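Coordinate analysis (summary)
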Amino acid sequence: MNDEARPIPRPQDVPPHGGAADEADRQAPSRRSVLRTTAGAAGAGLGLGALSAGPAAAAEASAPEAVAAAPARQGRTMADVPFEGRSTVRVGIVGLGNRGGSMIDLFLALPGVQVVAVCDPVRDKAERAAAKVTAAGQHAPAVYAKDEDDYENLCRRGDVDFVYVATPWELHFPMAKTAMLNGKHVGVECPIAMRLHELWQLVDLSERTRRHCVQLENCCYGKNEMRVLRMAHAGLFGDLLHGAGAYNHDLRGLMFDPDYYEGPWRRLWHTRLRGDLYPNHGFGPVANYMDLNRGDRAVSITSLGTPALGLAEYREEHIPAGDPSWKESYISADRTISLVQTAKGRVIRLEHDVSTPHPYSRINSLGGTRGVFEDYPARIYIEPDHTDHRWADFSRYAEWDHWLWKEHANPPGGHGGMDYLMLFRLTQCMRLGLVPDFDVYDAATWTAPVPLSHLSIKAKGAPLPVPDFTRGEWKRARSGMDSEKPAG
């Protein structure tokens with residue numbers, strides 16, 4: 001969830017033109033400016049590159065009809081490829097801000113996991129993390145805090161099996177790439193990359209290096225999400241027709257907090273892209289319900305966005321004159337609504353809104369020919385159980401809880417325990433040599449709405465093709481999140 005604390009509405013939940021036109025086409029800053037943006041540099045360093053670079057940039061910026069063209073496969077598919085079994089999973093952690101600094105506690109609570117290296121350009125953070133490791137009874141980890149590129153040295157280590165990345169979004173792609181090129185499996189907080197050509201590069205690298213590159217989408221492991229998943233796969237909703245997911249979360253105060261995000265990096269994305277900046281929390285669970293990339297796939301997306309008013313209005317009311325944020329022009333729609341069509345004709349609605357007052361909601365809805373579930377608050381109506389046209393109590397369906405939630409009734413950590421269960425299951429798969437619950441194709445699919453929604457909004461809602469990152473593998477039904485409890 002990328003360095004942010006989110007309110008937890010319930011115990012089981014976690015919770016672009018005008019003068020600013022084409023700010024998405026500026027050059028990317030150095031990692032130093034990303035990680036250590038100072039107040040004086042905030043206005044001058046707004047730009048973050050085009051949606052892509054070189055020929056791919058031209059394709060994405062001027063020829064939306066070409067975005068679905070799949071490059072030739074360079075390796076072999078990573079679908080159904082298991083991890084190599086091992087007695088201990090040795091982890092290197094890159095990024096120790098709000099998110100990474102808290103997730104290290106969960107890594108240390110996992111069976112068969114050892115934190116062998118930590119990295120952050122802020123040495124105090126790295127040393128505090130190292131102290132946590134030794135306090136937990138493990139050997140002191142190697143500390144990488146020399147500069148903003150020191151993560152490369154961590155990735156070169158021979159005693160790291162898995163690299164965990166929790167850094168500003170623009171660094172996710174180069175860090176995941178570096179990890180795989182050095183023979184490491186890698187897990188990245190959301191979103192896994194910000195540009196379409198980067199998603200393809202991650203897919204190709206995973207296939208060539210035979211290393212898994214996964215999107216660490218914790219909301220897929222929410223108690224409600226996993227219960228709905230099992231009910232959907234058991235046919236309780238009938239033939240699935242539609243679903244919805246969102247990230248509607250008022251982040252205005254946090255985005256203008258000079259310390260929370262260690263600089264304005266997250267707010268600055270609102271000066272570059274118009275569309276859905278954070279689709280994964282909503283898209284991932286619904287994609288699992290519908291078995292996207294496992295018998296169905298996303299084929300097109302249509303996005304619309306409102307004017308971008310919320311952040312500027314908040315700044316007017318709360319931020320003093322002279323603050324560097326007054327040099328920023330916001331172009332991201334306050335509310336983005338996207339419709340994704342699947343190969344089977346199903347429809348998925350995605351929403352994103354972090355710039356206006358709104359109670360936290362991921363929507364998390366699923367409907368079929370036999371009934372519907374809607375979250376926030378959780379409620380259900382399915383036949384033949386219900387015939388009175390009134391919502392029913394979802395707690396009556398606890399028998400459908402996933403085995404992970406039955407085995408870990410009160411998991412530790414934030415967001416209702418979903419963070420812990422995500423890491424527990426991932427490292428369990430690594431220790432036992434199992435296929436991961438999701439793979440690089442899911443990571444690319446769940447993140448594709450970032451660049452595609454931007455392009456669709458620029459084209460006044462024109463539908464755009466969603467690439468088939470699996471290159472045809474989606475037609476084959478295979479297992480995913482709805483796993484069986486392993487014997488080991």
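What this report covers is the structure whose coordinates are included nearby. Note that the structure is a prediction, hence the values are computed from the model and not measured.

Cut-offs used in this document
Residues numbered from 1 in each chain as written. Predicted model: local features only at pLDDT ≥ 70, side-chain atom pairs only at ≥ 80, totals over all residues. Heavy atoms only, no water. Helix = DSSP H or I, 4+ residues; strand = E, 2+ residues; numbered from the N terminus. Buried < 20%, exposed > 50% of the residue type's maximum accessible area, 1.4 Å probe, protein only. Areas by Shrake-Rupley, 256 points an atom, 1.4 Å probe, with all protein chains shown as cover. Core = buried A, V, L, I, M, F, W, Y, C linked by side-chain atoms within 4.5 Å. Contact = heavy atoms within 4.5 Å. Salt bridge = Lys/Arg side-chain N within 4 Å of Asp/Glu carboxyl O. Expected span 1.5 Å × (residues − 1). Axes fitted to C-alpha atoms, helices over the stretch in contact; angles between N-to-C directions. Parallel < 35°, antiparallel > 145°, perpendicular 65-115°, else oblique. Left-handed = near helix turned anticlockwise from the far one by under 90°. Pairing = 2+ DSSP bridges. Nonpolar A, V, L, I, M, F, W, Y, C, P; charged D, E, K, R; others polar.

Moving on, we come to the overall build of the protein. The helix and strand inventory of the protein stands at 17 helices and 14 strands. For the protein, with 488 residues in total, the buried portion stands at 61%. By element, 52% of the accessible surface of the protein is carried by carbon and sulfur atoms, the whole surface being about 17,500 Å².

Here the focus is the nonpolar core. Judged by nonpolar contacts, the single largest core of 110 residues is most densely connected at F107, Y221 and F237. Of the residues forming this core, the biggest block, nine residues, is contributed by helix 15 (residues 418–432). If we ignore the near neighbours within four places in the chain, the residues touching F107 are V91, I93, V113, V115, F162, Y164 and L423. Membership of the second largest hydrophobic core comes to 22 residues, among which are C190, Y261, L311 and Y330.

A word on unusual backbone geometry. Residue P191 is reached from C190 by a cis peptide bond, and omega for that bond is -15 degrees. Relative to the elements of secondary structure, P191 occurs in the loop between strand 5 (185–188) and helix 8 (196–209). Unlike most non-glycine residues, I363 shows phi in positive territory, near 60 degrees. Residue position: I363 is located in the loop between strand 10 (347–353) and strand 11 (365–368). Unusually for a residue other than glycine, K460 sits at a positive phi of about 60 degrees. Mapped onto the elements of the fold, K460 is located in the loop between helix 17 (449–458) and strand 14 (464–465).

Moving on to the pattern of salt bridges. Inspection of every chain in the model, using the stated rule, returns 33 salt bridges. Among the salt bridges present, the one from R157 reaches D159, with a minimum N-O distance of 2.9 Å. Given the relative accessible area of 22%, R157 is considered partly exposed. A salt bridge links R227 to D401; the nearest nitrogen and oxygen atoms lie 2.6 Å apart. With R227 in helix 9 (residues 223–233) and D401 in the loop between strand 13 (379–382) and helix 14 (403–407), this pair connects stretches of sequence that are 174 residues apart. Residue classification places R227 among the buried positions, given a relative accessible area of 6%. Several salt bridges converge on common partners, so that one network encompasses D80, R294, D439, D442, E473, R476 and R478.

Now for helix 8. Between the first and last C-alpha of helix 8 there are 20 Å, a value that for 14 residues agrees with the 20 Å anticipated at 1.5 Å per step. Of all 14 residues in helix 8, eleven are buried, a share of seventy percent or more. Looking at helix 8, one finds that the buried residues are L196, H197, E198, L199, W200, L202, V203, D204, L205, S206 and E207. Residue R210 follows helix 8 closely and has a positive phi angle near 60 degrees.

With that settled, the discussion passes to the packing of helix 4 (residues 98–109) against helix 15. Helix-helix packing is described using two parameters, namely the angle between the two axes and the distance between the axes. Closest axis-to-axis distance for the helix 4/helix 15 pair is 10 Å, and the angle between their directions is 55 degrees. The angle between the axes of helix 4 and helix 15 places the two elements in the oblique class. Handedness of the crossing formed by helix 4 with helix 15: right-handed. Contacts between helix 4 and helix 15 involve R99, M103, L106, F107 and A109 from the former and D419, Y420, M422 and L423 from the latter.

Let's shift gears to the pairing of strand 12 (residues 371–374). Bridge analysis of strand 11 against strand 12 gives three bridges, and the strand direction is antiparallel. Considered in strand 12, the bridge of L366 is made with F373. If you look at the hairpin formed by strand 11 and strand 12, you'll find two residues sitting between the two strands. Of the pairings in the sheet, the one linking strand 12 to strand 13 comprises four bridges and is antiparallel in character.

What follows covers the packing of helix 16 (residues 440–447) against helix 17. Here helix 16 crosses helix 17 at 25 degrees, and the two axes come no closer than 6 Å. Classified by the angle their axes make, helix 16 and helix 17 are roughly parallel. Packed against helix 16, whose contacting residues are T445, W446 and T447, the element helix 17 presents P449, V450 and P451 at the interface. Across the contact of helix 16 with helix 17, the residue classes break down as four nonpolar, two polar and no charged.

The next point concerns helix 7 (residues 172–181). Across the ten residues of helix 7, eight count as buried, placing the element largely inside the fold. Along helix 7, the residues that are buried comprise H172, F173, P174, M175, A176, T178, A179 and M180. Directly beyond the C-terminal end of helix 7, a positive phi value near 80 degrees is found at G183.

On to the sheet that holds strand 4 (residues 162–165), then. Read from one edge to the other, the open sheet built from six strands follows the order 3-2-1-4-5-6, with strand pairing classed as parallel. Of all strands in the sheet, those with a lone pairing partner are strand 3 (142–144) and strand 6 (213–215), marking the two edges. Direction aside, the axes of adjacent strands within the sheet are offset by 25 degrees on average. Two strands pair when backbone bridges link them, and strand 1 (residues 89–94) and strand 4 are joined in this way by four bridges, in the parallel orientation. By the bridge assignment, G92 is partnered in strand 4 with V163.

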